[in-house]
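Structure assessment
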Amino acid sequence: MSGDTVTGGAAAAAETEGREAARRTVTAVRHRVGRRTYTVIAALVLAVLGTLAAALMLGEFGVPLSEVLRSLVGPLLGRAAWESEFFVLDVRLPRVLTAVLSGAAFGLSGALFQSLMRNPLASPDVIGITSGASVTAVVCVLFLGLGGMAVSFGALAGALITAALIYLLAWRRGVSGHRLVLVGIAVAAVLSSLISYLMTATQVSDAQRSLAWLTGSLDGHGWPHAGSLAVCLVLLLPATALSARALRVLEFGDDTAAGLGVRVEHRRLVLLALAVALAAVATAAAGPVPFVALVSAPLARVPLRGRGPALTAAALVGAVLMPASDFIGQHLFDATELPVGVVTGVAGAPYLLLMMATDRAGRDT
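Anyway, here's the lowdown on the structure attached to this text. Numbering of residues starts from 1 in each chain and follows the order in which that chain's sequence is written. Reporting in this predicted model follows two pLDDT cut-offs: at least 70 for local features of residues, and 80 or more for side-chain atom pairs to be given and counted; totals over whole chains, interfaces and linings ignore these cut-offs and use all residues. Only heavy atoms go into the side-chain values, all of them from the structure, while hydrogens and water stay out.

1. Focus: the layout of surface pockets
Regions of empty space are outlined by a rolling probe, equal in size to a water molecule, passed over the atoms. Only protein atoms enter the 1 Å grid, on which a cavity is a set of points fitting a 1.4 Å probe that cannot get out and a pocket is an open set with protein on both sides within 12 Å along at least 5 of 7 lines, lining residues being those with an atom within 4 Å of a point. Grid points are joined across faces, edges and corners, and a volume is the space filled by probe spheres set on the points. In this model, the second largest pocket occupies a volume close to 490 Å³. Forming the walls of the second largest pocket are 20 residues, and the residues nearest its centre are Gly-59, Glu-60, Gln-330, His-331 and Glu-337. Secondary structure elements with two or more residues in the lining of the second largest pocket: helix H3 (82–117) and helix H13 (310–331). Among the elements that make up the lining of the second largest pocket, the one with the highest residue count is H3 (five residues). Residues were grouped as follows: Ala, Val, Leu, Ile, Met, Phe, Trp, Tyr, Cys and Pro as nonpolar; Asp, Glu, Lys and Arg as charged; and all remaining residues, including Gly, as polar. The residue makeup of the lining of the second largest pocket, split by class, is eight nonpolar, six polar and six charged. Helix and strand assignments come from DSSP, with helices taken as H or I runs of at least 4 residues and strands as E runs of at least 2, each series counted from the N terminus.

2. Considerations on the packing of H3 against H13
A fitted line through C-alpha atoms serves as each axis, taken over the contacting stretch for helices, and the angle formed by two N-to-C directions is quoted from 0 to 180°. Contact geometry of H3 with H13 gives a least axis separation of 6 Å together with a crossing angle of 135°. Put simply, H3 runs oblique to H13. The crossing of H3 and H13 is right-handed. Of H13, the residues touching H3 (which contributes Arg-95, Ala-99, Val-100, Ser-102, Gly-103, Ala-104, Gly-107, Leu-108, Ala-111 and Leu-112) are Leu-311, Ala-314, Ala-315, Gly-318, Ala-319, Met-322, Pro-323, Asp-326 and Gln-330. Roughly parallel means an angle under 35 degrees; roughly antiparallel means over 145; roughly perpendicular covers 65 to 115; every other angle is labelled oblique. Crossing handedness is defined as follows: a turn of the near helix away from the far one that is anticlockwise and smaller than a right angle gives a left-handed crossing, while the clockwise case is right-handed. The contact criterion used throughout is that any non-hydrogen atoms of two residues lie within 4.5 Å.

3. Focus: the packing of aromatic side chains
Here a Phe, Tyr or Trp ring, Trp counted by its six-membered ring, pairs with any other such ring whose centre lies within 6.5 Å, and the pair is stacked when the planes are under 30 degrees apart, edge-to-face when over 60, and tilted otherwise. Under the criterion given, the structure shown has three aromatic pairs. Residues Phe-61 and Phe-87 carry aromatic rings whose centres are separated by 4.5 Å and whose planes lie at 15° to one another, so their mutual orientation is stacked. Note that Phe-61 is positioned in the loop between helix H1 (2–57) and helix H2 (65–73) and Phe-87 in helix H3, a separation of 26 residues in sequence. The exposure class of Phe-61 is partly exposed, given its relative accessible area of 29%. Assessed through its relative accessible area of 25%, Phe-87 is described here as partly exposed. Measuring from centroid to centroid gives 6.0 Å for Tyr-167 and Trp-171, while their planes differ by 40°, and the two rings are tilted. For Tyr-167, a relative accessible area of 14% translates into the label buried. In this structure Trp-171 comes out as partly exposed when scored by relative accessible area, which is 38%. Put simply, the rings of Phe-61, Phe-86 and Phe-87 pair up and form one aromatic cluster. Throughout this description, buried means an accessible area under 20% of the type-specific maximum (1.4 Å probe, protein chains only), exposed means over 50%, and partly exposed covers the range between.

Limitation: the analysis is restricted to geometry and does not speak to function.
Spelled out as C-alpha cells, the structure:
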C-alpha cells in the first residue's frame with residue numbers, strides 16, 4: 001500500500017508539473033504574440049502619421065514641418081504664415097483626412113468580409129458593393145444633374161441596396177461564403193455592364209464627369225466630404241468593435257459557433273451590415289477605389305503571422321495605402337495628376353494575379 005501511495009503521489013506530482021509547464025508555455029506564447037501585436041500596431045500608427053505629414057508638407061508649395069504643426073495646433077506653438085495655413089488647412093488636410101478615413105473604412109470592411117466568408121476574394125470591390133454605388137452615382141450625374149455631396153449620398157444608397165439584393169439572392173436557409181462571393185461576382189458583372197451602357201448612351205461631356213467619379217479620385221475633396229465621413233465612422237467603428245467579439249468564434253465554422261451558443265445567422269447579418277456600411281461610406285466619400293479593401297487584411301496578417309487584432313491592423317494598412325497612393329498619383333508625374341484609383345489598381349492587380357497563380361483563393365474557398 002505504501003508503494004502504491006508513493007507511486008500515486010509521484011504521478012500526481014508529475015501531472016501537476018506538466019500542467020504548470022503547459023501554463024508557462026501558453027503564457028510565454030501570449031506574451032510574444034502581445035509584444036508582436038503592439039509593435040505592429042505602433043509601426044502602422046507611425047506609418048499613418050508619417051504619410052499624413054508628408055502629404056501636408058510636400059507639393060508645389062512646400063510647407064516645413066514646423067509650419068504644419070503651427071497650422072494644426074494654432075496658438076500653442078504660434079501662428080503660422082497665412083500661406084501655410086491656407087495650403088495645410090484648406091487645401092491639403094481635408095483631402096488627406098478623407099483618404100485616411102476612407103482607407104481605414106475600406107481596409108476594415110475588407111477584413112470583415114474575408115473573415116466572415118473565409119475567402120480572400122470576399123471584398124466589397126469584388127462582390128459588387130462598389131459597383132452598386134457606381135450605378136447610382138452615374139444615374140445621379142447623368143440623368144439627375146446632381147454633383148458634390150448629392151452624388152455621394154446616391155452612391156451610399158446604391159451600395160446598401162445592392163448589398164441587400166446580393167444577400168437575398170445568396171440566401172438558402174442561411175448564407176455561405178462561397179455562394180455569397182459567386183452571387184456577388186455575378187451581380188458585379190451585371191452592374192458593370194449597366195454602367196457601360198449608361199456611359200455610352202449619353203453625351204461625351206457628361207460621360208467624362210461620371211468617369212472622374214468612377215475612377216476613384218480625391219481631387220477637389222473638401223471638409224464636407226471629410227466631415228460627413230468622420231461622423232459616419234464615429235458611429236460605425238464602436239459598433240464594429242462590439243460586434244466583432246463574435247467574429248473569432250464564427251471563423252471556426254457555423255456548427256462550432258452554434259454549439260458555443262452563438263446565434264450564427266444573426267451575428268453574421270449584423271457583421272455583414274457593418275462591413276457593407278463601412279464600404280458604402282468610403283465609396284461615397286472617395287469613389288470606388290479598387291483593391292484597398294482586398295489587400296489590406298492579407299498585408300496586415302503578414303507581420304502579425306495570423307495572430308492579434310487583424311481588424312485593427314487592416315484598418316491601419318488601409319489608412320496608409322489610400323493617402324500614400326493619392327500622394328504618388330499627385331507627384332509621380334509633373335504634368336499629370338493620376339487619380340488614386342489608378343494607382344491602387346496598378347498596385348493591386350499584381351497581388352490578385354499572384355494570389356490566383358498560387359491558388360490561395362481556390363484552397364480557401
